[in-house]
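Listed below are the residues making up each chain.
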Amino acid sequence: MEERKTVIDYIEQVMKIFGFSIIMLNIFCILFGESAKEFSTIFALGKEGLRVVTMLQFLTLAVWITFCRFLFFTDIIIKNMRTVWRTICMIGAILVVMMIYIMVFQWFPKDEWLPWVMFLSNFLVCFAMSLAAMTFKEYSENKRMEEALGKMKRLNQMQEENRGKEENDGIRN
């Protein structure tokens, strides 16, 4: 599935997810912080920003997401599983943990339907955007590799033609 990665690669992935999450949360704080202050522990400081405990919750969530990617998208632990099932299992594992976080850390009221609908729709939109970006990246890489393979084939063909000419010239002399 993926090439071998080092611990630094996993830390980098955690930081990317965490950084993006914190940037988005800060934007939401500026836009909706005051109105969501009484509604969610995430926005307890209103427009002032995020509490350290909230940032640590999102850091552990980023670690979990990275672990899920490691678990489901390397062949180290799970072998011989189709990509579709790996993706479904990873999304399921992430959703379960996020739901636990929502309830335990009281990110929003668990007995109201609107926040859940908003959360799930937001999650699906983010997943779709991520999937589209990943698909585009894979398509671009495949196209580049195909072009490089074509160049190599043409180069090999030219070298073989040159060798053939050299051999013919050697026979004539």
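Residues numbered from 1 in each chain as written. Predicted model: local features only at pLDDT ≥ 70, side-chain atom pairs only at ≥ 80, totals over all residues. Heavy atoms only, no water.

1. Here we look at the overall build of the protein
Inclusion rule: Secondary structure elements follow DSSP: runs of H or I of four or more residues count as helices, runs of E of two or more count as strands, with numbering from the N terminus. Relative accessibility thresholds used throughout: buried, under 20% of the residue-type maximum; exposed, over 50%; partly exposed, between the two (1.4 Å probe, protein chains only). In this analysis, two residues are considered to be in contact whenever any of their non-hydrogen atoms come within 4.5 Å of each other. All accessible-area figures derive from a Shrake-Rupley calculation using a 1.4 Å probe, and residue coverage is judged against the displayed protein chains alone. Residues scored as positive are Lys and Arg, those scored as negative are Asp and Glu, and His as well as the terminal groups of each chain are ignored. In plain terms, the charge of a residue is placed at NZ if it is Lys, CZ if Arg, CG if Asp and CD if Glu.
Across its full length, the protein holds 4 helices and 0 strands. For the protein, the sequential pattern of α-helices and β-strands runs α-α-α-α. C-alpha atoms of the protein, sized along the principal axes, occupy 95 × 35 × 30 Å. Expressed as a percentage of the 173 residues in the protein, the buried residues total 27%. For the protein, contacts bridging at least 24 residues in sequence account for 51% of all contacts bridging at least 6. Only carbon and sulfur atoms are counted for the fraction: they give 66% of the accessible area of the protein, which is about 12800 Å². Taking the average location of the 20 positive side-chain charges in the protein and that of its 19 negative ones, the two points are 1 Å from each other.

2. Thoughts on helix α1 (residues 7-36)
To keep it simple, the criterion reads: Multiplying 1.5 Å by the residue count of a helix minus one yields the expected span of that helix. Values of bend correspond, residue by residue, to the angle between axes fitted over the seven residues ending at that residue and the seven starting there.
Along its 30 residues, α1 runs just 37 Å from first to last C-alpha, ending more than 12% under the 44 Å computed at 1.5 Å per residue. In the structure, α1 departs most strongly from a straight axis at I30, where the bend amounts to approximately 60 degrees. Those residues of α1 lying buried are V14, I17, F18, S21, I22, L25, C29, G33 and A36. As for α1, its buried residues are in contact with α2 (52-73).

3. Concerning the side chain of Q57
Residue position: Q57 is located in helix α2. Setting aside residues no more than four positions away along its own chain, Q57 makes contact with Y101, F105 and W107.

4. Here we look at the packing of α1 against α2
What counts here: Axis definition: a line fitted to C-alpha atoms, limited for helices to the stretch in contact. Angles are taken between N-to-C directions and run from 0 to 180 degrees. Working definition: roughly parallel below 35 degrees, roughly antiparallel above 145 degrees, roughly perpendicular at 65 to 115 degrees, and oblique for all remaining angles. Note: crossing handedness is left-handed where the near helix turns anticlockwise from the far helix by less than a right angle, and right-handed where it turns clockwise.
Between α1 and α2, whose axes approach to 9 Å, the crossing angle comes to 135 degrees. Relative to α2, α1 is oriented oblique. When you trace α1 past α2, the crossing you get is right-handed. Contacts from Y10, Q13, V14, M15, I17, F18, S21, I22 and L25 in α1 reach M55, F58, L59, A62, V63, I65, T66, R69 and F70 in α2.

5. Quick notes on the environment of E141
For E141, the location among the structural elements is in helix α4 (residues 113-172). The spatial distance from the C-alpha of E141 to the C-alpha of M118 is 34 Å, given a sequence separation of 23 residues.

6. Overview of the confidence of the model for the protein
Applied cut-off: Scored from 0 to 100, pLDDT records how confident the predictor is in each individual residue.
The pLDDT averaged across the protein works out to 88; a share of 95% of its residues lies at or above 70. Looking at the elements of the protein, mean pLDDT is at its lowest for α4, recorded as 84, and at its highest for α2, recorded as 94.

7. Thoughts on the pattern of salt bridges
This is how it is decided: We count a salt bridge whenever a side-chain nitrogen from Lys or Arg sits within 4 Å of a carboxyl oxygen from Asp or Glu.
What the rule picks out here adds up to 2 salt bridges. Among the salt bridges present, the one from K16 reaches E12, with a minimum N-O distance of 3.4 Å. Of this pair, K16 and E12 both sit in helix α1, separated by 4 residues, roughly a single helical turn. For E12, a relative accessible area of 40% translates into the label partly exposed. Ionic pairing is found between K37 and E34, a salt bridge with its closest N-O pair at 3.8 Å.

8. Things to note about the side chain of S40
Spelled out, the test is: Under this definition, polar contacts are N or O atom pairs within 3.5 Å; protein pairs additionally need one hydrogen-donor-capable and one acceptor-capable atom, and for neighbouring residues in sequence, both atoms have to be side-chain atoms.
Within the fold, S40 resides in the loop between α1 and α2. In this structure the side chain of S40 is engaged in a polar contact, spanning 3.1 Å, whose partner is the backbone nitrogen of I42. Residues contacting S40, with those up to four places away along its chain left out, are Q106, W107 and F108.

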